[in-house]
Amino acid sequence: MAPKPAAAQIERCGEDHLEFETAVREHQGLVYSMAYHFLGNRAVAEELAQDVFLSLYRNFRNIKSGSHLVFWLRKVTSHRCLDYIRGQKHRAHLSLEEVRERPLKHQDPDPFISGHLRRMVTSLPEKARMVVVLRYQEDLTPTEISEILEMPVNSVKSHLRRSLALLREKMSSRLRVEPHE
Amino acid sequence: MNSIEEDLKQALRRQEPPADFAGKVMDLVNSGAGLGPEKRPGPNKVLVFRLRPKVVVWLATAAAAACLVGLVITRSYVGDRGRVEVPPPVSGSDLPHQDAAQQPNADQQTAAGPNLGRNESGPGLQRMGGRDERQPAHHWRAGSRRVNAGTDLPMEARHAEEQLRLALAITSAKLGYAQRSIQEADGTNTMDREVNP
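A brief report on the enclosed structure follows. (Residues numbered from 1 in each chain as written. Chains lettered and ligands numbered in written order. Predicted model: local features only at pLDDT ≥ 70, side-chain atom pairs only at ≥ 80, totals over all residues. Heavy atoms only, no water.)

**Quick look at the overall build of chain A**
Worth spelling out the cut-off: Helix numbering and strand numbering both begin at the N terminus, where a helix is a DSSP run of H or I of at least 4 residues and a strand a DSSP run of E of at least 2. With a 1.4 Å probe rolled over the protein chains alone, any residue whose accessible area is under 20% of its type maximum counts as buried; one over 50% counts as exposed, and the rest are partly exposed. Between two residues, a contact is recorded if the distance between any of their heavy atoms is within 4.5 Å. Surface accessibility follows the Shrake-Rupley procedure with a 1.4 Å probe radius. Residue values consider only the protein chains on display as shielding.
For chain A, the helix and strand inventory stands at eight helices and zero strands. Reading the secondary structure of chain A in the N-to-C direction produces α-α-α-α-α-α-α-α. Taking all 181 residues of chain A together, 51% fall into the buried category. Expressed as a percentage of contacts within chain A between residues at least 6 apart in sequence, the contacts between residues at least 24 apart total 70%. Working note: accessible area of chain A is about 9800 Å², and carbon and sulfur atoms make up 52% of it.

Laid out in structure tokens, this is it:
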């Protein structure tokens, strides 16, 4: 009886299987965080991250080095996220105006501001959002981002500049209208 | 780096997935679920994606602009060709009458002589006689042809020069032939006068 295609593939991969599991455990935070910060939904992010790792398993023999693996994961994750958003009939993220304005004290701890910032990041346009995620989560330079997203460096810089201005304006306006308690 | 960038770094720091994430992935790999060929958008989906209303509008606008540009280029090309067209050949009947003082040399007379016998008393010479003789030669067909001072001037000038040379040659030959005929006729009359004074 002929073996199942999946079982044959696993058999063929042999020692790659163990390496793949190590790669998953090592880089699951990268993939999951990118998806979560981009999509703003843990369940969808987890599903998308699983999809990325399955894709990695299919292409694991083409990975040449550790840096190549990281580059591949960032690139595939960012493109999967963008494809997911484009495939949605209704935009999953909230607009800036729809972001719930919770009261903010001036001496609020970081977690609150971080949560608010994350919500505002998910309200950015798709490409700008991915640029911001890659810049501030992965700490990549505009040149590295341009290679991953396949866009000109100047576009990356422009996205960054506009996104920062928008976020800064939103934060400052929110602080201005906040009544002092 | 300002505060918002620091806040963003803090907000977007990496987060670990649920504890059983890697186990789920390995289970999927081991079971073979989801390991089929990767899904790619079919041709219909690609077509639908590319033919969104905005794209269609832009395509139609681009096509209309291309047609307009093509039309303008074609028109200007045809206009240029019409301007540099070679004028029709000049016949002797179109030439104005010349003064006898502008006689050509003897070579031109003998070269054009045999061709002029047909027009000796024909309508061509009569028409030539009917023209305004005060009109100078360099005004020939000035009313019917406009000299374009633009880019076609050298070619126009060459055509005009050739036609003028041809016209002068034909005219002088005709005049020479007519003069000889008159002289012969005068000689005959002189003899008649000598015989019958």
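**A few points about the overall build of chain B**
The helix and strand tally for chain B stands at seven helices and zero strands. The linear arrangement of helices and strands in chain B, starting from the amino end, is α-α-α-α-α-α-α. Within chain B, the proportion of its 197 residues that are buried is 21%. For chain B, the proportion of contacts with a sequence separation of at least 24, taken over those separated by at least 6, is 87%. A total of about 14500 Å² of accessible surface is found on chain B, and carbon and sulfur atoms cover 58% of it.

**Quick look at the interface of chain A and chain B**
Where we set the bar: Two parts lose some accessible area (1.4 Å probe) when they are put together, and adding that loss for both gives the buried area. Should a side-chain nitrogen of Lys or Arg be within 4 Å of a carboxyl oxygen of Asp or Glu, the pair is scored as a salt bridge. All amino acids are sorted into three groups, where Ala, Val, Leu, Ile, Met, Phe, Trp, Tyr, Cys and Pro are nonpolar, Asp, Glu, Lys and Arg are charged, and the leftover types, Gly among them, are polar.
Taken together, the contacts link 43 residues of chain A with 29 residues of chain B. In this assembly, chain A packs against chain B so that about 3400 Å² is buried in total across both faces, 63% of it on carbon and sulfur atoms. If you sort the residues of chain A by the area they bury against chain B, A:Leu54, A:Arg58 and A:Tyr136 come out on top, with a joint share of 19%. Our count for the chain A to chain B interface comes out at three salt bridges. Its salt-bridge partner being A:Glu138, residue B:Arg14 comes within 2.6 Å of it at the nearest N-O pair. It is helix H2 (residues 16-39) of chain A that provides the largest number of residues to the side of chain A that touches chain B, a total of twelve residues. Of the residues in the side of chain A that touches chain B, the class split is 20 nonpolar, eleven polar and twelve charged.

**Observations concerning the packing of aromatic side chains**
Residues and elements named next belong to chain A. Defined as follows: Ring geometry is summarised as follows: Phe, Tyr and Trp rings, the Trp one being its six-membered ring, pair when their centres sit within 6.5 Å, and such pairs are stacked at plane angles under 30 degrees, edge-to-face over 60 and tilted between the two. Lysine NZ or arginine CZ positioned within 6 Å of the ring centre and within 35 degrees of the ring normal marks a charge as sitting over the ring.
Going through the model one piece at a time under the given rule, you end up with four aromatic pairs over all chains. Judged by centre distance (5.7 Å) and plane angle (85 degrees), the rings of Phe-20 and Phe-60 are edge-to-face. Remark: Phe-60 occurs in the loop between helix H3 (42-58) and helix H4 (66-87) and Phe-20 occurs in helix H2; sequence separation between them is 40 residues. By relative accessible area, Phe-20 is classed as buried at 0%. What links up through ring pairs into an aromatic cluster is the set Phe-20, Tyr-57 and Phe-60. For Arg-42, the ring lying beneath its charged end belongs to Tyr-36, and the centroid distance is 4.4 Å.

**Some remarks on helix H6 (residues 126-136) of chain A**
Counted residue by residue, H6(A) has nine buried out of eleven residues, so it is predominantly covered. Taken together, the buried positions of H6(A) are occupied by A:Ala128, A:Arg129, A:Met130, A:Val131, A:Val132, A:Val133, A:Leu134, A:Arg135 and A:Tyr136.

**Quick look at the nonpolar core**
Put simply, the rule is: Residues grouped as a nonpolar core are buried Ala, Val, Leu, Ile, Met, Phe, Trp, Tyr and Cys residues, joined through side-chain atoms within 4.5 Å. Domain start and stop points were drawn from an automatic or database domain assignment.
Formed by 60 residues in total, the largest nonpolar core has its most connected members in A:Phe20, A:Phe53, A:Leu56, A:Leu73, A:Leu149 and B:Leu8. In terms of residues, this core owes the most to one element, H2(A), which gives eleven residues. Summarising the domain contributions, this core has at least three residues from each of domain 1 (10-93) and domain 2 (102-181) of chain A. Ignoring anything within four residues of it in the chain, the contact list for A:Phe53 reads A:Phe20, A:Ala23, A:Val24, A:His27, A:Gln28, A:Val31, A:Leu73, B:Phe21 and B:Val25.

**Describing the packing of H3(A) against helix H2 (residues 21-31) of chain B**
To keep things clear, this is the line we draw: Interaxial angles span 0 to 180 degrees and are taken between N-to-C directions of axes, which are lines fitted to C-alpha atoms, for helices over the stretch in contact. If an angle is under 35 degrees, it is roughly parallel; if it is over 145, roughly antiparallel; if it lies from 65 to 115, roughly perpendicular; otherwise it is oblique. Each crossing gets its handedness from the near helix: less than a right angle anticlockwise from the far helix is left-handed, clockwise is right-handed.
Direction vectors running N to C along H3(A) and H2(B) enclose 50 degrees, while the axes themselves pass 10 Å from each other. The angle between the axes of H3(A) and H2(B) places the two elements in the oblique class. Where H3(A) crosses over H2(B), the two elements pack in a sense that is right-handed. Where H3(A) approaches H2(B), its residues A:Glu46, A:Ala49, A:Gln50, A:Phe53, A:Leu54 and A:Tyr57 are matched on the opposing element by B:Phe21, B:Lys24, B:Val25, B:Leu28 and B:Val29. In terms of residue class, the contact of H3(A) with H2(B) is built from eight nonpolar, one polar and two charged.

**Thoughts on the packing of H2(A) against H2(B)**
Where H2(A) meets H2(B), the closest approach of the two axes is 9 Å, and the angle between their N-to-C directions is 150 degrees. The two elements H2(A) and H2(B) meet at a crossing, and its hand is right-handed. In this structure, H2(A) uses A:His17, A:Phe20, A:Glu21, A:Val24, A:Arg25 and A:Gln28 to contact H2(B), whose residues at the interface are B:Phe21, B:Ala22, B:Val25, B:Met26, B:Val29 and B:Asn30. Along the lines of polarity and charge, the residues of the contact of H2(A) with H2(B) split into seven nonpolar, three polar and two charged.

**With respect to the pattern of salt bridges**
Enumeration over the complete set of coordinates arrives at eleven salt bridges over all chains. Taken together, the salt bridges that share partners define one network made up of A:Glu46, B:Asp20 and B:Lys24.

**A closer look at helix H1 (residues 3-11) of chain B**
Counted only if it meets this: Directions from the helix axis toward the C-beta atoms define the arc.
For H1(B), the complete set of buried residues consists of B:Ile4, B:Glu5, B:Leu8 and B:Ala11. Down the axis of H1(B), the buried set is contained in an arc of 125 degrees. They therefore lie on one face.

**Quick word on unusual backbone geometry**
Residue and element names in this part refer to chain A. The phi angle at Asp-139 is positive, at roughly 60 degrees, despite the residue not being glycine. Position of Asp-139 relative to the elements: it lies in the loop between H6 and helix H7 (142-149). Taking relative accessible area as the criterion, Asp-139 reaches 44% and is therefore assigned partly exposed. With a phi close to 55 degrees, Glu-150 is a non-glycine residue in the positive phi region.

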